[in-house]
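The lines below spell out each chain.
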Amino acid sequence: DVVETQEHYKSRWRSIWIMYLTMFLSSVGFSIVIMSVWPYLQKVDPTADASFLGWIIASYSIGQMVASPLFGVWSNYRPRREPLVVSTAISVAANCLYAYVHVPHSHNKYYMLTARALVGFGAGNVAVVRSYIAGATSLTERTSAMANTSACQAVGFILGPVFQTCFTLIGEEGVTWKLVNLQLNMYTAPVLFGALLGVINIILIFAIFREHRVDDMGRQCKSINSEGEESGVLDQDAEGNVDHVAVVAINLLFFVILFVFAVFET
């Protein structure tokens, strides 16, 4: 039996690929400046010490920790396009702020801290990404789709420093665009590149992303997040019983993995 039309299948997987891209860009946003934060911090604010560097690195994760449940609740009751676009726009604006932290005459390190915290806040959309993919895949598709999501996240972590390395060719001085007081150098070019990717991501979300929800058999079903549809509480029997012990265990394991990774990167 045909459980969905070919057109619906293609649209559903195009939307999932957009979520892969969003996950990739969220990871790039973390690692693309990881090698240059310390020298850039010393350049814009010599009063900053190594302890403050730790707070700047941690601010990304703190922002993401705060934003994830907020965007998750938002996506439960509204079309997921809304939190996805807003979160990505926040990341774009924060990257632009990071490129201008040299402009103030004092307290530059706090502007950098704010910029990285906002980039992390925008990266809180990973909760929305994972929930969408879980709901838009059948039981046979879900494991591979979630694995691909994690793979995109890992590739983003890997390629971020590679992008940074490529931008070192610009040099520490780079060029200055006096009209907008922008210094384009090895420290600012990576975040501006990330901002450009974020703009492209927003365009793709508007142009390609569509709300889809399928059951475990792959049959199309009504989504509470679709525009024009009333949101409501999902039927507990339809969703099945949740193994809370397993959920907590997986969350703790995920915490340990990211904890080790973040310490290693720092």
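Residues numbered from 1 in each chain as written. Predicted model: local features only at pLDDT ≥ 70, side-chain atom pairs only at ≥ 80, totals over all residues. Heavy atoms only, no water.

The subject of this paragraph is the state of the cysteines. Scanning the model with the defined rule gives zero disulfides in all. Unpaired in this structure, Cys 152 has its nearest cysteine sulfur neighbour in Cys 166, at a distance of 20 Å. (Disulfide = S-S within 2.5 Å.)

It is worth spelling out the side chain of Arg 81 at this point. Locating Arg 81 in the fold gives a position in helix H4 (residues 81-99). Taking relative accessible area as the criterion, Arg 81 reaches 17% and is therefore assigned buried. (Helix = DSSP H or I, 4+ residues; strand = E, 2+ residues; numbered from the N terminus. Buried < 20%, exposed > 50% of the residue type's maximum accessible area, 1.4 Å probe, protein only.)

Turning our eyes to something else, we now look at the UniProt feature "transmembrane region" (unreviewed entry) in the chain. Per the UniProt record, "transmembrane region" (unreviewed entry) is annotated on residues 17-40, 52-72, 84-101, 113-133, 154-171, 191-209 and 245-264. From the first C-alpha to the last, residues 191-209 spans 25 Å; its make-up is 89% helix and 0% strand. (UniProt positions renumbered as here; feature names shortened; annotations may be inferred.)

Another aspect to go through is the nonpolar core. Membership of the largest hydrophobic core comes to 52 residues, with the highest contact counts inside it found for Met 19, Tyr 98, Met 112 and Ile 133. Looking at this core, the elements that each hand over two or more residues are helix H1 (6-31), helix H2 (37-44), helix H3 (50-77), H4, helix H5 (108-122), helix H6 (126-135), helix H7 (139-167) and helix H8 (189-207). With residues up to four places along the chain from it excluded, the contact list for Met 112 reads Val 37, Tyr 40, Leu 41, Val 44, Ile 56, Tyr 98 and Val 101. (Core = buried A, V, L, I, M, F, W, Y, C linked by side-chain atoms within 4.5 Å. Contact = heavy atoms within 4.5 Å.)

This part takes up the environment of Tyr 98. Structurally, Tyr 98 is set in helix H4. For Tyr 98, a relative accessible area of 1% puts it in the buried group. Sequence spacing of Tyr 98 and Thr 114 is 16 residues, and the spatial spacing of their C-alpha atoms is 8.5 Å. Excluding residues that lie within four positions of it along the chain, Tyr 98 makes contacts with Val 33, Val 37, Tyr 40, Met 112, Ala 115, Arg 116, Tyr 187 and Val 191.

We now examine H5. Between its terminal C-alpha atoms H5 stretches 21 Å, which fits the 21 Å expected from 15 residues at 1.5 Å a residue. On the buried face of H5, the contacting elements are H1, H2, H3 and H4. (Expected span 1.5 Å × (residues − 1).)

On to the packing of aromatic side chains. The geometry of an aromatic ring pair is captured by the separation of the ring centres together with the interplanar angle, meaning the angle of the planes. Overall, the coordinates contain 13 aromatic pairs when judged by the stated rule. Grouping aromatic residues by their ring pairs yields a cluster made of Phe 30, Tyr 60 and Phe 157. When the ring centre of Phe 52 is taken as origin, the NZ or CZ atom of Lys 109, which lies over that ring, is 5.0 Å away. (Phe/Tyr/Trp six-rings, centres within 6.5 Å; stacked < 30°, edge-to-face > 60°. Lys NZ or Arg CZ within 6 Å of the ring centre and 35° of its normal.)

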